[in-house]
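So the chains spell out like this:
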Amino acid sequence: SALNEEIGNLKYTLQNYLYAIESGNKSGKNKTIRNLEKSYKKIQKLRKDLKKDEDEVLNRYLVRLKTNVTVIEDSLNGKK
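Colleague: For this particular structure, what's the right way to read the overall build of the protein?
Modeller: If you tally the helices and strands in the protein, you get three helices and zero strands. Dimensions of the protein along its principal axes, counting C-alpha atoms only, are 40 × 25 × 15 Å. Considering only contacts within the protein whose residues lie at least 6 apart along the sequence, 61% involve residues at least 24 apart.

Set out below in structure tokens:
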């Protein structure tokens, strides 16, 4: 249940991140990036108790999320 709660926090933080970008709130975006990183790290610690197949699915989503956030950040910073 702690893992599910942290995944819920990650979803909420991701949503706030996207709202901050959309509204041009740079300080809000930076704050949510830090919160995303904290939540991501907590999930990485909590997932050790999962079954192998559940862990693999979660890992795929986490990698995709991290990649997409990196792509968004790079595009906002003018990198290609």
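Now, onward.
Colleague: Got a minute to help me understand the environment of Thr70 in this structure?
Modeller: Considering the arrangement of structural elements, one finds Thr70 in helix α3 (residues 52-76). Placed 48 residues apart in sequence, Thr70 and Glu22 show a C-alpha to C-alpha distance of 16 Å.

Colleague: Sorry, what's going on with the packing of helix α2 (residues 26-46) against α3 here?
Modeller: Geometry of a packed helix pair, given as the angle between the helix axes and the separation of the axes. In contact at an axis separation of 12 Å, α2 and α3 are set at 160° when each is read in the N-to-C sense. Looking at the two axes, α2 sits roughly antiparallel to α3. Read as a crossing pair, α2 and α3 show a hand that is left-handed. Contact residues: Lys29, Ile33, Leu36, Tyr40, Ile43 and Gln44 in α2; Leu58, Leu62, Lys66, Val69, Glu73 and Leu76 in α3. The residue makeup of the contact of α2 with α3, split by class, is eight nonpolar, one polar and three charged.

Colleague: I would appreciate a short explanation of the pattern of salt bridges in the present structure.
Modeller: Pairing between side chains of opposite charge can happen when their charged atoms approach one another. Here the structure, examined in full by the defined rule, presents three salt bridges. Asp55 serves as the salt-bridge partner of Arg47, at 2.5 Å between the closest nitrogen and oxygen.

Colleague: I would appreciate a short explanation of the nonpolar core in the present structure.
Modeller: Within soluble globular proteins, side chains that are nonpolar generally end up buried alongside one another. Of all hydrophobic cores here, the largest spans 11 residues; its members are Leu3, Leu10, Tyr17, Ile33, Leu36, Tyr40, Ile43, Leu58, Leu62, Leu65 and Val69. Counting residues per element, the ones that place at least two in this core are α1 (2-23), α2 and α3.

Colleague: Help me out: how do you make sense of α2 in this one?
Modeller: Every α-helical turn comprises 3.6 residues, leaving residues that sit three or four positions apart pointing alike. The end-to-end C-alpha distance of α2 is 30 Å, a good match for the 30 Å that 21 residues give at a rise of 1.5 Å each. Those residues of α2 lying buried are Gly28, Lys29, Thr32, Ile33, Leu36, Ser39, Tyr40 and Ile43. Along the axis of α2, the buried residues cluster in a sector spanning 135°; they form a single face. The exposed set on the far side of α2, more than 90 degrees from its buried face, consists of Ser27, Lys38, Lys41 and Lys45. Contacts made by the buried residues of α2 are with α1 and α3.

Basis of the calculations
- Residues numbered from 1 in each chain as written.
- Predicted model: local features only at pLDDT ≥ 70, side-chain atom pairs only at ≥ 80, totals over all residues.
- Heavy atoms only, no water.
- Helix = DSSP H or I, 4+ residues; strand = E, 2+ residues; numbered from the N terminus.
- Contact = heavy atoms within 4.5 Å.
- Axes fitted to C-alpha atoms, helices over the stretch in contact; angles between N-to-C directions.
- Parallel < 35°, antiparallel > 145°, perpendicular 65-115°, else oblique.
- Left-handed = near helix turned anticlockwise from the far one by under 90°.
- Nonpolar A, V, L, I, M, F, W, Y, C, P; charged D, E, K, R; others polar.
- Salt bridge = Lys/Arg side-chain N within 4 Å of Asp/Glu carboxyl O.
- Core = buried A, V, L, I, M, F, W, Y, C linked by side-chain atoms within 4.5 Å.
- Buried < 20%, exposed > 50% of the residue type's maximum accessible area, 1.4 Å probe, protein only.
- Expected span 1.5 Å × (residues − 1).
- Arc of directions from axis to C-beta.

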